[in-house]
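Coordinate inspection notes
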Amino acid sequence: ANGTILHWNGNSWSSSTSGTTANLYRVWGTGANDVWAVGDGQDNVLHWDGNAWGKRPLPSGSTIFDVRGTSANDVWAVGEYGVIFHWNGSAWSETDTGAMVHLLRVYASSTNNAWVVAENGTMLRWNGSTWSPAPSGTKADFNAIWGSGSNDVWVVGSNSSILRYRP
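Parameters at a glance
Sequence order sets the numbering: in each chain, residues are counted from 1 along the sequence as written. This being a predicted model, a pLDDT of at least 70 is required before a residue's local features are given, and a value of 80 or more before pairs of side-chain atoms are given or counted; all residues contribute to the totals for chains, interfaces and linings. The side-chain quantities take in all heavy atoms of the structure and omit both hydrogens and water. Two strands qualify as a pair provided that DSSP identifies no fewer than 2 bridges between them. Secondary structure counts use DSSP, requiring at least four H or I residues in a row for a helix and at least two E residues in a row for a strand, with both numbered from the N terminus. The axes are straight lines fitted to the C-alpha atoms, using for helices just the contacting stretch, and the angles between their N-to-C directions are given from 0 to 180°. Here a pair means two rings of Phe, Tyr or Trp (six-membered ring of Trp) with centres within 6.5 Å. Their orientation is stacked below 30 degrees between planes, edge-to-face above 60, and tilted elsewhere. The buried label applies to any residue whose accessible area, calculated with a 1.4 Å probe on protein chains only, is under 20% of its type's maximum; exposed applies above 50%, and partly exposed to all values in between.

The subject of this paragraph is the sheet that holds strand 13 (residues 123–126). Adjacent strands of a sheet form backbone hydrogen bonds with each other and so pair up, either parallel or antiparallel. If you walk across this open sheet you meet the four strands as 11-12-13-14, and the pairing is antiparallel. Two strands in the sheet have a free side with no partner beyond their single neighbour: strand 11 (103–110) and strand 14 (131–133). Taking each pair of neighbouring strands and ignoring which way they run, the sheet shows an average axis angle of 20 degrees. Across six bridges, the pairing between strand 11 and strand 12 (residues 113–118) is antiparallel. Note that in strand 12 the partner of Arg105 across the bridge is Val117.

Read across the open sheet, the four strands follow the order 3-4-5-6; overall the sheet is antiparallel. Looking at strand neighbours, the two that pair on one side only are strand 3 (24–31) and strand 6 (53–55), the edges of this open sheet. Taking the axes of each pair of neighbouring strands and ignoring which way they run, one obtains an average angle of 25 degrees across the sheet. Note: strand 4 (residues 34–39) against strand 5 (residues 45–48), four bridges, orientation antiparallel. Residue Val35 lies in a different strand from strand 5, and its bridge partner there is Trp48.

All right, on to the packing of aromatic side chains then. Tallying each qualifying case throughout the model produces nine aromatic pairs. With 5.6 Å between their ring centres and 50 degrees between their planes, Trp48 and Trp53 make a pair best called tilted. Taken together, Trp36, Trp87 and Trp92 form an aromatic cluster joined through their ring pairs.

On to unusual backbone geometry, then. Look at Tyr81: it is not a glycine, yet its phi comes out positive at around 60 degrees. With respect to the helices, strands and loops of the structure, Tyr81 is situated in the loop between strand 8 (74–79) and strand 9 (83–87). The residue Asn120 is not glycine, and still its phi comes out positive at about 60 degrees. In this fold, Asn120 is placed in the loop between strand 12 and strand 13. With relative accessibility at 39%, the residue Asn120 sits in the partly exposed group.

Note that every value here comes from positions in space, so none of it alone points to a role or purpose.
Structure representation (structure tokens):
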């Protein structure tokens, strides 16, 4: 809460000034000089460049629930009302998926393979050019996704749901 960010340096935790007092929900990065934190509101997408946290506002207002990617130039952010944002290394672009649910988690294994999971069994898959529905066969609220690659992805959710994608 209140924009709290802590950093472990191998010996101890230290507080890092985030520049926000909003709730932050997820953190992800590619290395010590490229870390993202996301949370409540359009202006609360933060980027660590190795020296300081800076705001990287989204093109439209949305609370962001998760951030993941494959590199500093391929970052996905998902949140409220079916909107997905993509960072290309210099700017955010926005895709309205038409899904009228909160997008909760994102996983990407490459620039042409990413998954988003959401409430009510909603799943979307990125093929490098478009996001498409990926029927899950359940109405579970998915709260986590992980994979070892494009052909081995796990999803878990409420109501004891566990799904695995393997073509």
